[in-house]
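Fold and geometry: a report
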Amino acid sequence: QMSGQMDGPLSGWRTLVTSGPTHEPIDPVRYIANRSSGKQGHAIAAALARLGAMVTLVSGPTAQPDPAGVTMVHVETARDMLAACQEALPVDVAVCAAAVADWRVKAMAGQKLKKDGGHLPTLELAENPDILATLSRPGRMRPALVVGFAAETEKVVGHARAKLARKGCDWIVANDVSPSSGTFGGASNTVHLLRGDTLEDWPPLSKEAVAERLAMAIADHLVSPAD
Ligand code: CTP
Ligand code: CA
């Protein structure tokens, strides 16, 4: 690993970050996707690398440049993203910031679907694997710290608490994406960090600042896990 601080607080720690959307093909030219710029996940990977961590960044298609000092793995689908994450194990910390498509088309068409005189195609969907829940499952390869995101439009903390329990992760960054929060497409982010039962309300911050603060919290936690 050539960059990052050799003597940073995270030097010697291995980390994995997911970012961006996934694309689930309908046919060779069409896909289903989530709305995601990849800004937050890429900023987290960059912030961890600046603190000296070894970082594997598994990202779906985005317009973001590859951050300096991280090992990049570019993927398309949720299933590819899961496989790339499992390939990156073992790690000490996993941060799942990707906006993974919840469903894929069950059987992708081999050829471009054609319009057929008003006869509409029907897409049969299948559920994608849950990468965060899979990484959180107890076992020898489970990262010591697994962090998820929850983008919610209402009852932000309540939904995030339920998500943390359901997924089995350790922390959740709950993101208020209601229209009034100005998060989507905007520069600023209002998040709450749930560390198990402990709730921290963070002030509105840029995505870069959220990334910086999360990376610092991760570094503090690894040094003194009781906190
Ligand atoms: N996530 C994941 N794999 C999936 C779906 C979600 O790793 N197939 C992760 C996301 O990266 C995020 C967290 O799970 O860290 C929460 O994603 P979200 O879409 O809010 O949760 P879901 O369980 O899919 O619930 P919802 O029905 O609200 O979409
Ligand atoms: Ca989802």
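Bear in mind that the values here come from a model prediction, so they are computed numbers and not experimental data.

Quick notes on the sheet that holds strand β9 (residues 145-152)
Across the sheet, which stays open at both edges, the eight strands sit in the order β5-β4-β1-β6-β9-β10-β12-β13 with mixed pairing between neighbours. If you trace the sheet from one side to the other, it starts and ends with β5 (71-74) and β13 (198-201), each paired once. Adjacent strand axes in the sheet meet at a mean angle of 15° when their direction is disregarded. Here strand β1 (residues 14-19) pairs with strand β6 (residues 93-96) via four bridges, running parallel. Of the residues in β6, the one forming a bridge with T15 is V93. Each of β1, β4 (54-59), β5, β6 and β9 is contacted by helix α1 (residues 39-50), which is oriented at about 165° to β1, the strand it contacts most. Here helix α2 (residues 78-88) sits on the sheet in contact with β1, β4 and β5, set at roughly 170° to β1.

Some thoughts on the coordination of the calcium ion (ligand 2)
The protein atoms that coordinate the calcium ion (ligand 2) are D102 (OD) and D102 (OD), at distances of 2.5 to 2.6 Å. Tracing the sequence through the fold places D102 in the loop between β6 and β7 (103-105).

So, the layout of surface pockets
Think of a ball as big as a water molecule: rolled over the atoms, this probe shows where empty space is left. Of the volumes computed, that of the largest pocket is approximately 1,200 Å³. Lining of the largest pocket is provided by 43 residues; of these, N34, A98, A99, V100 and A151 occupy positions nearest its centre. Among the secondary structure elements, those contributing two or more residues to the lining of the largest pocket are β1, β3 (30-33), α1, α3 (131-136), β9, α4 (156-167) and β10 (171-176). Here the residues of the lining of the largest pocket are counted per class, giving 18 nonpolar, 15 polar and 10 charged.

Examining α4
Counted at 1.5 Å a residue, the expected span for α4 with its 12 residues is 16 Å, and the 16 Å between its end C-alpha atoms agrees. Burial in α4 covers these residues: V156, A160, K163, L164 and K167. Buried residues of α4, viewed axially, fall in a sector of 100°; they line one side. More than 90 degrees from the buried face of α4, the exposed residues found are A165 and R166. Those residues of α4 that are buried lie in contact with α3, β9, β10 and β12 (191-195). Two residues or fewer after α4 comes G168, characterised by a positive phi angle close to 80°.

Remarks on the nonpolar core
Counting 34 residues, the largest nonpolar core has I44, L48, V95, L214 and I218 as the members making the most contacts within it. At the level of secondary structure, the elements contributing two or more residues to this core comprise α1, β4, β6, β9, β10, β12 and α5 (207-223). If one sorts the elements of this core by residue count, α5 sits on top with eight residues. Setting aside anything within four residues of it in sequence, one finds L48 in contact with L10, T15, V17, A53, V55, A215 and I218. Core analysis: the next-biggest nonpolar cluster, separate from the first, contains 27 residues, V75, A94, I131 and V156 among them.

Quick look at the pattern of salt bridges
Summed over the entire model, instances satisfying the criterion amount to seven salt bridges. R30 is the salt-bridge partner of D27, the closest N and O atoms lying 2.5 Å from each other. Overall, D27 belongs to the buried group, its relative accessible area being 1%. With its nearest N and O atoms 3.3 Å apart, the salt bridge here joins K106 to E124. Here K106, found in the loop between β7 and β8 (125-127), pairs with E124, found in the loop between β7 and β8; they are 18 residues apart in sequence, far enough to count as distant. Both residues of the pair, K106 and E124, belong to the exposed class.

With respect to the confidence of the model for the chain
Looking at the chain, pLDDT values average 93 and 94% of them are 70 or higher. This complex was scored by the predictor with a pTM of 0.95 and an ipTM of 0.99.

Here we look at a nonpolar patch on the surface
Nonpolar side chains collect at one region of the surface, where W103, L123 and L125 lie side by side and expose about 290 Å² of accessible area between them. When you line up the elements, W103 lands in strand β7.

So, the UniProt feature "binding site: CTP" (unreviewed entry) in the chain
With numbering matched to this structure, UniProt assigns "binding site: CTP" (unreviewed entry) to D102, K112, P129, D130, I131, L132, F149, K163 and K167. Spatially, the listed residues are scattered: they cover 66 residues, and their C-alpha atoms lie as much as 37.4 Å apart. Of the residues annotated just before, the largest pocket has D102, P129, D130, I131, L132, F149, K163 and K167 among its lining. Checked against the element boundaries, I131 lands in helix α3. In this structure I131 comes out as buried when scored by relative accessible area, which is 4%. With near-sequence residues (within four places) excluded, I131 lies in contact with A78, M81, L82, C85, C96 and V100. As for its position among the elements, L132 is in helix α3. Taking relative accessible area as the criterion, L132 reaches 8% and is therefore assigned buried.

Criteria and cut-off values
Residues numbered from 1 in each chain as written. Chains lettered and ligands numbered in written order. Predicted model: local features only at pLDDT ≥ 70, side-chain atom pairs only at ≥ 80, totals over all residues. Heavy atoms only, no water. Pairing = 2+ DSSP bridges. Helix = DSSP H or I, 4+ residues; strand = E, 2+ residues; numbered from the N terminus. Axes fitted to C-alpha atoms, helices over the stretch in contact; angles between N-to-C directions. Contact = heavy atoms within 4.5 Å. Donors = N, O, S within 2.8 Å, 3.2 Å for Na, K, Ca; no water. 1 Å grid on protein atoms, 1.4 Å probe; cavity = no way out; pocket = protein on both sides within 12 Å on 5 of 7 lines; lining within 4 Å. Points joined across faces, edges and corners; volume = space filled by probe spheres on them. Nonpolar A, V, L, I, M, F, W, Y, C, P; charged D, E, K, R; others polar. Expected span 1.5 Å × (residues − 1). Buried < 20%, exposed > 50% of the residue type's maximum accessible area, 1.4 Å probe, protein only. Arc of directions from axis to C-beta. Core = buried A, V, L, I, M, F, W, Y, C linked by side-chain atoms within 4.5 Å. Salt bridge = Lys/Arg side-chain N within 4 Å of Asp/Glu carboxyl O. pLDDT = per-residue confidence, 0-100. Patch = residues over 30% accessible without salt bridge, like charges linked within 9 Å, V, L, I, M, F, W, Y side chains within 5 Å. Areas by Shrake-Rupley, 256 points an atom, 1.4 Å probe, with all protein chains shown as cover. UniProt positions renumbered as here; feature names shortened; annotations may be inferred.

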